[in-house]
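Each chain, written out:
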Amino acid sequence: MSCAVKTTCPYCGVGCGVIASRDVAGGVTIAGDPEHPSNFGRLCSKGSALGETLDTAGRLLQPMVDGRACGWEAALDRVADGLQRAIREHGPDSVAFYVSGQLLTEDYYVANKLMKGFIGSANIDTNSRLCMSSAVAAHKRAFGADAVPCGYEDLERAKLIVLAGSNAAWCHPVLYQRIMASKQQNPDLQIVTIDPRATPTAETSDLHLAIRPGSDALLFNGLLVYLERQGERNELFVKQATRESETALAVAAVDAPDIERVASGCGLAPEAVERFYRLFARTERVVTVYSQGINQSSSGVDKINAIINCHLLTGRIGRPGMGPFSLTGQPNAMGGREVGGLANQLAAHMTLDSEADRERVKRFWEAPAMPRQEGLKAVDLFDAIEAGRIRVLWVMATNPAVSLPDSDRIRRALKQCELVIVSDCMAATDTLELAHIRLPATTWGERSGTVTSSERRISRQRAFLEVPAEARPDWWIISQVAHRLGHARQFPYQHPGEIFREHAALSGLENDGRRAFDISLYADLSDAAYEALTPRQWPLTAATPTGTPRLFGDGEFFTADGRARFVPVSPAAPRHLPDRDYPLTLNSGRVRDHWHTMTRTGLSPRLASHTIEPYVELHPEDAARYAVTEGALVCIESSTGSATVRARVTPAQRPGSLFMPMHWNGQFAATGRVNALLPGVTDPLSGQPEFKQGRARVAERWFAWYGFLFSRRQLQPGGADYWARSRGAGFWRYEMAGDQIPEDWAGMARSYLCSEGREVGWMEYSDRAANRYRAARFVDNTLESCLFIGPDLQLPPRDWIEALFAKASLDAAERASLLSGRAPDKSADVGRIVCACHSIGEKRIQEGIRVQGLNSVKAIAEELKAGSGCGSCVPEIRAMLAAG
Ligand SMILES: Nc1nc2c(c(=O)[nH]1)N[C@H]1C(S)=C(S)[C@@H](COP(=O)(O)OP(=O)(O)OC[C@H]3O[C@@H](n4cnc5c(=O)[nH]c(N)nc54)[C@H](O)[C@@H]3O)O[C@H]1N2
Ligand SMILES: Nc1nc2c(c(=O)[nH]1)N[C@H]1C(S)=C(S)[C@@H](COP(=O)(O)OP(=O)(O)OC[C@H]3O[C@@H](n4cnc5c(=O)[nH]c(N)nc54)[C@H](O)[C@@H]3O)O[C@H]1N2
Ligand code: SF4
Ligand SMILES: [Mo]
């Protein structure tokens, strides 16, 4: 017997439907939900590997106070006491919550209600500040509300899709697959990608504009001017439905009078700019998608408005297949905006600066308090912690010690904070290490509630696993603290459905159509109907019971006069320009198979195999200029910190720019955090940090020894100055390097390899003069661990060693190969894993292309299986085919 539960993927904002089935033995099978309108059965590599991340090993399973496990009563009392004392002595603004777009709507609603209505401060901000806040601010300026006009269907109905600052092939893979499928059916569909890097998304587009970092506003201002000159203005729409077009056009023309000026400012060829402009001008059905390459900027709000201006001028909004489309990152980034989880929002799209809104929410909540002013935005909030103005901080479902800019400083702030409370499902994160109180939360598979995707679609996450040990849902934890603060009556929740109903009722309260977010249809939902809820797009009201696929079809916006606003935009350079000390632009972002700080994806051997180490990408010209070789370890330095990572030299990078992934942290590498290098510079309107345009320098870093270690147990690689750990199938892999040659290699090896007193087989090879050392340890003839050390980067390939861990026993040749450092059979070396579903390596695919003459994605899938699983690696395979 098996039991199947429909739920939603906990990763990106595409919001794919997942069917989780449990068999009697407790095993879980994960599949895409064919009926879910986000994915129609598809899942990307991360979604399909969810089953590998459900183990309770590594989980936080008991509340802990000052490093000691204790019961919930004691932990909750301590949280409430800490909050109460600070509020009594220093006022409500001396406490803060820092929450997350990975909370469920119900958790988020309760956290916001407690802080704003009952503690009486607006000091609740969220990691969505780092992600969506520029989009929120730009939408409000243009549309009068934080409302996303489009849906995924519009991407399929478009004739031109512009992807600005989005690496959708890796970051919104199922949506990208839908785009590619639609291109196959409709070869006329054109895709333009605007990104300084040649990402897998860019490489599979019809046109790639490798723009100068940070210059997008100029490009879109130029487009606005061009559209006007070409007579593409939608006269009727502009006249009836908008305001300020003339000012926006006049301001745009100052810096972008013609294509040549735009091209030189954006570092592009005039022909490429013209091709983009012409495509845009002549295609009625165009969707402009934007993501972090636009949002994460010190002028992100303006950039988004520059994009929206072009859609307003042409009236390409509110109709099928067209519109500006902000993709959300986290599974519930949109839900957080609905409940008002940002410090400058109230709840249900109401605002703190409106007396009427404050009064309405206060009355509805029966709240004793309500702040009149905005709270502190994430970066300012941590400044206030450092300055001692905030004394108690409660972090939920986010890892700020890694993900906030200037992260060394964030760590200092957390260290000196009087009381740090962290709710997380994992036991070890960089932020938890700095917490006084640790509260074990339930996580995906155990928790129940709702999330809202990029296209305003509300879907259910449903539990299908037992709750382990003392873990509890976030809404329960927050409500219990509210009880202890004296608010039991207003936080009576026993079930997330009750919270959802309350949230829905508030959204409809005295909402005469002026507030975009209205899900009043659900205000009286029964528990059974909440259980059975199917995915629908808000607004959801009595008039729109099946949902609203598209907004603004009637040309009515949410501003006081109902008209959309053009916003005049003067392009601004990134706040920090490269200078003599730090000549390179530092860009950062995501890899295909990891999620943020890797607390979940880092546990999956399949996902970890795609990228095993933190790295920096740089262009061959810069590699030559700064004497950096491919595969070397390099030190990246900035005005705020440094990191040591592996160098990847690639023409996909723009000369003058570096790219580092955001994922690595203290749990997975010694010094791989890109945010140690990025300063806390933000957009003055949204408070969103400029994560894409820091500045840095690079230099190769030489070590006295290099090595790697494979072990079935997780180890602490003490003695290594550089290390990075990754999960393999049945083992952990450590890449290492050290500044000092140890007195005794065998002693060092023993300290890593032998922890228990059992009798073990042990083999070693040592060449002291050449600084080469190899050791392997066997338990009952199976390989338990092995260590390889050498004086330079010329270490043996790792792939065949991985294969040895899958074997129940090793023969004499295999044992000997471990000590000689040579694979017994050359074909065992498959190279870096490209296809995570079938573990197919780069070298195997290259060989297929060159030797077997496989010349299409289809041929490779049929012959090698690579690309035939979830499809996330198809863009990379295409790029390999193109490279030949
Ligand atoms: N695999 C994976 N997928 C994810 C996530 C993950 O951690 N891993 N996280 C999710 C989350 S929360 C988010 S917010 C989304 C983010 O999704 P994306 O925004 O698509 O991802 P990023 O890699 O942050 O950045 C996108 C691109 O912006 C480019 N860029 C940098 N500077 C500029 C510039 O000046 N102009 C332009 N036009 N582009 C620029 C970068 O080179 C990068 O390729 O991904 C979501 N999906
Ligand atoms: N340099 C650079 N920095 C960036 C970015 C970038 O592009 N470049 N992107 C930014 C963006 S867009 C984002 S969204 C952030 C993301 O950054 P974070 O939010 O810091 O990253 P996560 O690893 O997703 O952290 C989520 C935490 O919640 C825990 N968790 C999971 N499920 C639950 C649950 O149900 N309850 C609780 N209480 N905890 C849970 C996880 O174990 C994990 O510790 O990073 C930002 N930082
Ligand atoms: S695209 Fe992938 S990560 Fe995003 S929701 Fe779908 S399966 Fe999950
Ligand atoms: Mo994000």
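Nothing here was measured: the structure is a model prediction, and the numbers come from that model.

**Things to note about the overall build of the chain**
Then step 1. Helix and strand content of the chain: 31 helices and 34 strands.
Then step 2. Computed over its C-alpha atoms, the radius of gyration of the chain comes to 27 Å, within 12% of the 29 Å expected for a compact globule of 884 residues.
Then step 3. Here the C-alpha coordinates of the chain stretch approximately 80 × 65 × 60 Å along the principal axes.
Then step 4. Going through the 884 residues of the chain one by one, you find that 63% of them count as buried.
Then step 5. Partitioning the intrachain contacts of the chain with sequence separation of at least 6 by distance along the chain shows that 70% fall at a separation of at least 24.
Then step 6. For the chain, the exposed area adds up to about 30,600 Å²; of that, 49% sits on carbon and sulfur atoms.

**What about the domain arrangement of the chain?**
Then step 1. Domain parsing of the chain yields domain 1 (2–53), domain 2 (64–130 + 333–495), domain 3 (133–326), domain 4 (584–700), domain 5 (705–828) and domain 6 (833–883).
Then step 2. Summarising the inter-unit geometry, the C-alpha centres of domain 2 and domain 4 are found 30 Å apart.
Then step 3. Counting residues at the interface gives 22 residues for domain 2 and 26 residues for domain 4.
Then step 4. At the boundary of domain 2 with domain 4, total buried surface from both sides reaches about 1,800 Å², with 50% on carbon and sulfur atoms.
Then step 5. If you sort the residues of domain 2 by the area they bury against domain 4, Val402, Pro405 and Asp406 come out on top, with a joint share of 24%.
Then step 6. Our count for the domain 2 to domain 4 interface comes out at one salt bridge.
Then step 7. In this assembly, domain 2 and domain 4 are joined by 16 residue pairs in polar contact (both at pLDDT 80 or more).

**What about unusual backbone geometry?**
Then step 1. In this structure, Pro539 follows Trp538 across a cis peptide bond, with omega equal to 0°.
Then step 2. Within the element layout of this structure, Pro539 appears in the loop between strand E19 (536–537) and strand E20 (564–565).
Then step 3. With a phi angle near 45°, Ala348 is a residue other than glycine that sits in the positive phi range.
Then step 4. Take Ala348: it is sitting in the loop between helix H16 (333–339) and helix H17 (355–365).
Then step 5. Despite not being glycine, Phe552 has its phi angle at roughly 70°, a positive value.

**Observations concerning the sheet that holds strand E3 (residues 28–32)**
Then step 1. Pairing within the open sheet is antiparallel, and its three strands lie in the order E1-E2-E3. The sheet terminates laterally at strand E1 (3–8) and E3, the two strands that pair on one side only. Direction aside, neighbouring strands of the sheet carry axes that sit 25° apart on average.

**Some points on the site of ligand 3**
Then step 1. Residues in contact with ligand 3, as listed here, are Cys9, Tyr11, Cys12, Gly15, Cys16, Leu43, Cys44, Lys46, Gly47, Pro173 and Val174.
Then step 2. When grouped by side-chain class, the residues that make up the shell around ligand 3 number eight nonpolar, two polar and one charged.

Definitions and cut-offs
Residues numbered from 1 in each chain as written. Chains lettered and ligands numbered in written order. Predicted model: local features only at pLDDT ≥ 70, side-chain atom pairs only at ≥ 80, totals over all residues. Heavy atoms only, no water. Helix = DSSP H or I, 4+ residues; strand = E, 2+ residues; numbered from the N terminus. Rg over C-alpha atoms; globule rule 2.2 N^0.38 Å. Buried < 20%, exposed > 50% of the residue type's maximum accessible area, 1.4 Å probe, protein only. Contact = heavy atoms within 4.5 Å. Areas by Shrake-Rupley, 256 points an atom, 1.4 Å probe, with all protein chains shown as cover. Domains from an automatic or database assignment. Buried area = accessible area lost by both parts, 1.4 Å probe. Salt bridge = Lys/Arg side-chain N within 4 Å of Asp/Glu carboxyl O. Polar contact = N/O pair within 3.5 Å; in protein donor to acceptor, adjacent residues only side chain to side chain. Pairing = 2+ DSSP bridges. Axes fitted to C-alpha atoms, helices over the stretch in contact; angles between N-to-C directions. Near = heavy atom within 4 Å. Nonpolar A, V, L, I, M, F, W, Y, C, P; charged D, E, K, R; others polar.

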